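Listed here are the chains, written in short residue letters.
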Amino acid sequence: MNIFSYLKDYLSADLVEAMASHINEDAGKTRQAAEVTALSVVAAFLKRSSTESGAKAMYKAIERENLYGNHLGPLSAQFRDRDQASQIIQKGSNLFSHLLPDKRSVLIAMIASHARIRSSSATSVLGAMSYLTLDILGKQVKDQNLDPVGLAMVLRNQKDYLTKEADPELLDKVVTTLSIEDMERIGYVTPTEEAEAEVVSRTRTRPQTENPYADLTENSTFPWKAILGGVALLVVLGGGYYAWQQYGSTVQSAALQDTTVNEEVALPTDSTARYPDSTQVATTPATATTPAGESLADKLTQHLNNPLSKAGKTFVFEGITFDPLTNEPTPQSIPALDGLAAVLKKNPNLQLKFTGVTRQSVNKKNVFKQANSIKAYLTRAGVDIIRLDVASFVAQDAGRAGEDFIVVKVVQQ
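Quantities reported herein were computed from a predicted structural model and do not represent experimental measurements.

### Observations concerning the overall build of the protein
Here is step 1: Scanning the protein for helices and strands turns up 17 helices and 4 strands.
Here is step 2: Counting over 413 residues, the protein shows a buried share of 42%.
Here is step 3: Residue pairs in contact within the protein that sit at least 24 positions apart in sequence constitute 78% of those at least 6 positions apart.
Here is step 4: Element-wise, carbon and sulfur atoms account for 52% of the exposed surface of the protein, whose accessible area totals about 22900 Å².

### Description of the sheet that holds strand β4 (residues 405–412)
Here is step 1: One open sheet holds the 4 strands; their spatial order is β1-β4-β2-β3, and the pairing between them is mixed. Here the strands that pair on one side only, and so sit at the sheet edges, are β1 (314–316) and β3 (388–394). Between one strand and the next, the sheet's axes are offset by a mean angle of 25 degrees, whatever the strand orientation.
Here is step 2: In terms of strand pairing, strand β2 (residues 351–358) meets β4 through 7 bridges, oriented antiparallel. Bridged to L352 within β4 is V410.
Here is step 3: Those strands touched by helix α15 (residues 296–305) are β1, β2 and β4, and its axis lies near 160 degrees from that of β1.

### A few points about the pattern of salt bridges
Here is step 1: The tally for this structure, following the rule as stated, stands at 7 salt bridges.
Here is step 2: The partner of E52 in a salt bridge is K56, with the nearest N and O atoms 3.2 Å apart. Taken as a pair, E52 and K56 lie in helix α4 (residues 52–64) at a separation of 4 residues, close to a single helical turn.
Here is step 3: With a relative accessible area of 33%, E52 lands in the partly exposed category.
Here is step 4: On the basis of relative accessibility, which here comes to 32%, the residue K56 falls in the partly exposed class.
Here is step 5: A salt bridge links K139 to D143; the shortest N-O distance between them is 2.7 Å. Of this pair, K139 and D143 both sit in helix α8 (residues 119–144), 4 residues apart, which is roughly one turn of the helix.
Here is step 6: A relative accessible area of 34% places K139 in the partly exposed class.

### Structural notes on a nonpolar patch on the surface
Here is step 1: Where nonpolar side chains cluster on the molecular surface, the patch consists of I227, V231 and V235 and spans about 260 Å² of accessible area.
Here is step 2: Position of V235 among the secondary structure elements: in helix α14 (residues 224–257).

### A look at the confidence of the model for the protein
Here is step 1: Residues with a pLDDT of 70 or more make up 76% of the protein, whose mean pLDDT is 79.
Here is step 2: Note that residues 249–292 has pLDDT below 50 and, in this model, 51 contacts with residues that lie over four places away or in other chains.

### Let's talk about the pairing of β3
Here is step 1: Bridge count for β2 against β3 is 7 bridges, and the pairing is parallel. From the neighbouring strand, L352 faces β3, where its bridge partner is L388.
Here is step 2: The parallel pair β2 and β3 is bridged by helix α17 (residues 364–380), and the resulting crossover is right-handed.

### Thoughts on the environment of N24
Here is step 1: Mapped onto the fold, N24 is located in the loop between α2 (13–23) and α3 (27–48).
Here is step 2: Look at N24 and you get exposed, because its relative accessible area is 60%.

### Concerning helix α7 (residues 104–115)
Here is step 1: Taking 1.5 Å per residue, 12 residues should reach 16 Å; α7 reaches 17 Å between its end C-alpha atoms and fits that length.
Here is step 2: Here α7 has its buried residues at L107, I108, M110, I111, A112, H114 and A115.
Here is step 3: Contact partners of the buried residues in α7: α3, α6 (82–99), α8 and α11 (168–177).
Here is step 4: Just downstream of α7 lies R116, where phi reads positive at about 60 degrees.

### Some points on α4
Here is step 1: For α4, spanning 13 residues, the distance from its first C-alpha to its last is 18 Å, which sits close to the expected 18 Å at 1.5 Å a residue.
Here is step 2: Within the sequence span of α4, burial applies to S53, G54, A55, A57, M58, A61 and I62.
Here is step 3: Residues of α4 that are buried make contact with α3, α6, α8, α9 (148–156), α17 and β3.
Here is step 4: Residue N66 follows α4 closely and has a positive phi angle near 55 degrees.

### Examining the nonpolar core
Here is step 1: F45, F79, L134 and L137 are the most contacted members of the largest nonpolar core, which has 69 residues in total.
Here is step 2: The contact partners of L137, leaving out residues within four places of it in the chain, are I3, F45, M58, I62, L151, V154 and L155.
Here is step 3: Formed by 26 residues, the second largest nonpolar core is a distinct cluster that contains A297, F322, A341 and L344.

### Quick word on the packing of α4 against α9
Each packed pair of helices is defined by two parameters, the angle between the axes and the distance between the axes.
Here is step 1: It is at 8 Å that the axes of α4 and α9 come closest, and there the two elements cross at 105 degrees. In terms of orientation, α4 and α9 fall into the roughly perpendicular class. Only P148, L151, A152 and L155 of α9 make contact with α4, whose side of the interface consists of A55, K56, M58, Y59 and I62.

### Here we look at unusual backbone geometry
Here is step 1: The residue N66 is not glycine, and still its phi comes out positive at about 55 degrees.
Here is step 2: Looking at the element boundaries, N66 is found in the loop between α4 and α5 (75–79).
Here is step 3: N66 gets classed as partly exposed once you look at its relative accessible area, which sits at 42%.
Here is step 4: With a phi close to 60 degrees, S179 is a non-glycine residue in the positive phi region.
Here is step 5: You can see S179 is positioned in the loop between α11 and α12 (191–202).

### Focus on the packing of aromatic side chains
Here is step 1: Per the stated rule, a full pass over the model turns up 2 aromatic pairs.
Here is step 2: Ring centres 6.1 Å apart and planes at 40 degrees place the aromatic pair F45 and F96 in the tilted group. Residue F45 is located in helix α3, and its partner F96 is located in helix α6; the two are separated by 51 residues in the primary sequence. Comparing F45 with F96, the two get one shared label, buried.

Reading guide: rules and limits
- Residues numbered from 1 in each chain as written.
- Predicted model: local features only at pLDDT ≥ 70, side-chain atom pairs only at ≥ 80, totals over all residues.
- Heavy atoms only, no water.
- Helix = DSSP H or I, 4+ residues; strand = E, 2+ residues; numbered from the N terminus.
- Buried < 20%, exposed > 50% of the residue type's maximum accessible area, 1.4 Å probe, protein only.
- Contact = heavy atoms within 4.5 Å.
- Areas by Shrake-Rupley, 256 points an atom, 1.4 Å probe, with all protein chains shown as cover.
- Pairing = 2+ DSSP bridges.
- Axes fitted to C-alpha atoms, helices over the stretch in contact; angles between N-to-C directions.
- Salt bridge = Lys/Arg side-chain N within 4 Å of Asp/Glu carboxyl O.
- Patch = residues over 30% accessible without salt bridge, like charges linked within 9 Å, V, L, I, M, F, W, Y side chains within 5 Å.
- pLDDT = per-residue confidence, 0-100.
- Right-handed = clockwise from strand over helix to strand, strands pointing away.
- Expected span 1.5 Å × (residues − 1).
- Core = buried A, V, L, I, M, F, W, Y, C linked by side-chain atoms within 4.5 Å.
- Parallel < 35°, antiparallel > 145°, perpendicular 65-115°, else oblique.
- Phe/Tyr/Trp six-rings, centres within 6.5 Å; stacked < 30°, edge-to-face > 60°.

Printed below as a string of structure tokens:
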């Protein structure tokens, strides 16, 4: 189903006029706002469902609000009733804020600027279109008996419709606003597809050449390359033997005279400059000790008690280690996890994202499992799963002596 096209067709003249009357805006500007919002909401929900936790959060939101296509009737009539319209807008706004709390304000500003309407009007349009889109998705869930993965796959299929049907400049504006780095690659990836992608990435492809006779040269039956390689090896071995005969005793004596030199590696003070969503992390080198009482729970409590603090703050999860075989937290990590669970229970609006960071691409799955094991522990401790998100990231320079670690971001507070 092409949800973007369905939304545009659903915006009848009668519905647009009813919406314009409710928000006290020109009908033409209201239509312009509604169409760019339809594009934005579909792209935003596509982004949210790109992870397992995001797909589950959307599925649970649809289930909680009973959005299974039951509200796709004459919306124009509902919008002419101010109480009903206000309820739809409020529910849609709450749902969008819950699913994408860090994108709501920037999206409202973009809609208001694009359609030249007030921010309050853009807020109402975003709420209405979010509610309508989730109701459409809920109907797909009900009709096709989808689970969270099925819902994510329905949304992943929408990117082809968006790239083909949406105005390219407008789509670029939406993608930039939502911080979608690559529209072609976004979408939920099943474990099977991820494994296949890794196999393809490891496959060595033959470099292209403009020389039409390159194949004839490379496929020659006479082993020139092997012979030249053997000669080069003999030269190197002969040179090494000669050097050892001449200078071996000198090198040995020098090595024996200095056997206590330790190499010192300078660790950067800001080890998260290249990590996603971690521009505000204040980290310490791996060899440093964490001050007494400065656990993640303590740092979060200080952050939340600060009236000037804002969402988006990130921390390194100190005091947690994982079993190398299972990627589950070790028993020594339980106090830190219980402290974090207590902070989450005390602050019901707090939403966190756990990102496993590694320098080795082969460890990406492991650090993702480690981040996911934190979410699983907190869920078992009574924290709602939709308040927790996980990801993994391969850093070029981890800045912590090469060790893997977990970055925690405050998504909403």
